[in-house]
Amino acid sequence: MPMSAKQSLDTLTLVQRYWRAMIHPGAFCIDATAGRGHDTETLCRLVGREGKVLAFDIQPEAVQATRERLAKARLSAWVIEASHTEMADYAAPESVDAIVFNLGYLPRADHRIATRAETTLPAIDSGLALLKPGGMMTLCVYHGGDSGFDERDAVLAHVAALDAKRFTVLVSSFSNRPNYPPIAVLIIKEPRV
């Protein structure tokens, strides 16, 4: 889809292009980091009434904001106050079409509460087991300033080491933008041959 002259490509816009290309009505998606509900709302719109969306966040403020956003938009998702490390308690292996992560902290909230490599890496692995063959995971890796360098480095090393026969990994960064722009990661679980 072409962009207007007023739009500029950013990390979230980039991953949303993947979502729009690969998520269909009736799909089952997980927002691993609900935040303020923007991605959850987008996923709900993409899967339609026939689909299913689960959204996770450890912060009550995020859960409440997501529920309010969905109610205002007249959309429905199961919004769970829990860590993304608990996704496997709510979905069967190879049952999920797409999983999305925004790594970092909740906008307009306490920056000391942020995703960390020690929970993010197991959540990525758990999510990859939940994906159907042909399913997709995206990560927007927010880093820099007061959070994220350690997590960024750990996540990028982790996804680079995934078995190339089972997963295709694409990492996109904006090399000429200032202030540590977020990094987009796309992981496709390869269909069985």
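Just so you know, these numbers come straight off a predicted model, no measurement behind them.

Regarding the nonpolar core
- Counting residues in hydrophobic clusters, the biggest one holds 29 residues, and the most contacted among them are Ile 30, Met 87, Ile 99, Phe 101, Met 137, Leu 139 and Ile 187.
- Of all the secondary structure elements, the ones that give two or more residues to this core are strand 1 (28-31), strand 2 (52-57), strand 4 (96-103), helix 4 (117-130), strand 5 (131-141), helix 5 (149-160) and strand 7 (183-189).
- With five residues, the top contributor of residues to this core is helix 4.
- Aside from chain neighbours lying at most four places away, what touches Ile 99 is Ile 30, Ala 32, Met 87, Gly 127, Leu 130, Leu 131, Met 136, Met 137 and Thr 138.
- Listed in part, the 23 residues of the second largest apolar core include Ala 27, Ala 34, Leu 46 and Leu 70.

Section: the pattern of salt bridges
- Enumeration over the complete set of coordinates arrives at six salt bridges.
- Linking Glu 41 and Arg 45 is a salt bridge whose minimum nitrogen-to-oxygen distance equals 2.8 Å. Of this pair, Glu 41 and Arg 45 both sit in helix 2 (residues 38-47), separated by four residues, roughly a single helical turn.
- One salt bridge connects Glu 94 with Lys 189, and the closest N-O pair in it is separated by 3.4 Å. Of the two residues, Glu 94 sits in the loop between strand 3 (78-81) and strand 4 while Lys 189 sits in strand 7, which places them 95 residues apart along the sequence.
- Salt bridges here are not isolated pairs; linked through shared partners, they connect Glu 41, Arg 45 and Arg 69.

Structural notes on the sheet that holds strand 2
- A sheet is described by the order of its strands in space; here seven strands give the open sequence 3-2-1-4-5-7-6, paired in mixed fashion. At either end of the open sheet lies a strand with only one pairing partner, and these are strand 3 and strand 6 (167-172). On average, each strand axis in the sheet is tilted by 15 degrees relative to the strand beside it, whichever way the strands run.
- In this sheet, strand 2 lies alongside strand 1 in parallel orientation, the contact comprising four bridges.

Here's the deal with the pairing of strand 1
- Side chains Phe 28 and Ile 30 project from strand 1 onto one buried face, and the interleaved Cys 29 and Asp 31 project onto a second face that is buried too.
- In this view, the connection linking strand 1 to its parallel neighbour strand 2 by way of helix 2 has right-handed handedness.

Here's the deal with helix 1 (residues 11-22)
- With 12 residues, helix 1 should cover 16 Å at 1.5 Å per step; its first-to-last C-alpha distance of 17 Å lies within 8% of that length.
- Among the residues of helix 1, those classed as buried are Thr 11, Leu 14, Val 15, Gln 16 and Trp 19.
- The secondary structure elements touched by the buried residues of helix 1 are helix 2, strand 4, strand 5, strand 6 and strand 7.

Describing the side chain of Ser 95
- Structurally, the position occupied by Ser 95 is in the loop between strand 3 and strand 4.
- If near-sequence neighbours (up to four positions away) are discounted, Ser 95 is found in contact with Phe 28, Leu 130 and Lys 132.

With respect to the environment of Glu 68
- Topologically, Glu 68 is positioned in helix 3 (residues 60-73).
- Under the relative-accessibility criterion, Glu 68 is labelled partly exposed at 47%.
- Placed 31 residues apart in sequence, Glu 68 and Gly 37 show a C-alpha to C-alpha distance of 8.5 Å.
- Within the structure, the side chain of Glu 68 is placed 2.7 Å from the side chain of Gln 64, a separation counted as a polar contact.

Conventions and cut-offs
Starting from 1, residues in each chain are numbered consecutively following that chain's sequence as written. In view of the model being predicted, local features appear only for residues whose pLDDT reaches at least 70, and side-chain atom pairs are presented and counted only at 80 or more, with totals across whole chains, interfaces and linings using the full set of residues. To obtain the side-chain values, all non-hydrogen atoms of the structure were included, while hydrogens and water were left out. Buried Ala, Val, Leu, Ile, Met, Phe, Trp, Tyr and Cys residues form a nonpolar core when they are joined through side-chain atoms within 4.5 Å. Only protein chains enter the accessibility calculation, which uses a 1.4 Å probe; a residue whose area is less than 20% of its type maximum is buried, one above 50% is exposed, and one in between is partly exposed. Numbering goes from the N terminus for both helices and strands, where a helix is a DSSP run of H or I of at least four residues and a strand is a run of E of at least two. Any two residues having at least one pair of non-hydrogen atoms within 4.5 Å are treated as being in contact. We define a salt bridge as a side-chain nitrogen of Lys or Arg found within 4 Å of a carboxyl oxygen belonging to Asp or Glu. In this description, strands pair whenever DSSP reports at least two bridges between them. Here an angle of 0 to 180 degrees is reported between the N-to-C directions of two axes, which are lines fitted to C-alpha atoms, with helices fitted over the stretch in contact. Look down the strands so they point away from you; if going from the first strand over the helix to the second traces a clockwise path, that crossover is right-handed. Expected helix span is taken as 1.5 Å per residue step, with the number of steps being one fewer than the number of residues. Each polar contact in these results corresponds to two N or O atoms within 3.5 Å; when the atoms are within protein, one needs to be able to donate a hydrogen and the other to accept it, and residues that are neighboring in sequence are counted only if both atoms are side-chain atoms.

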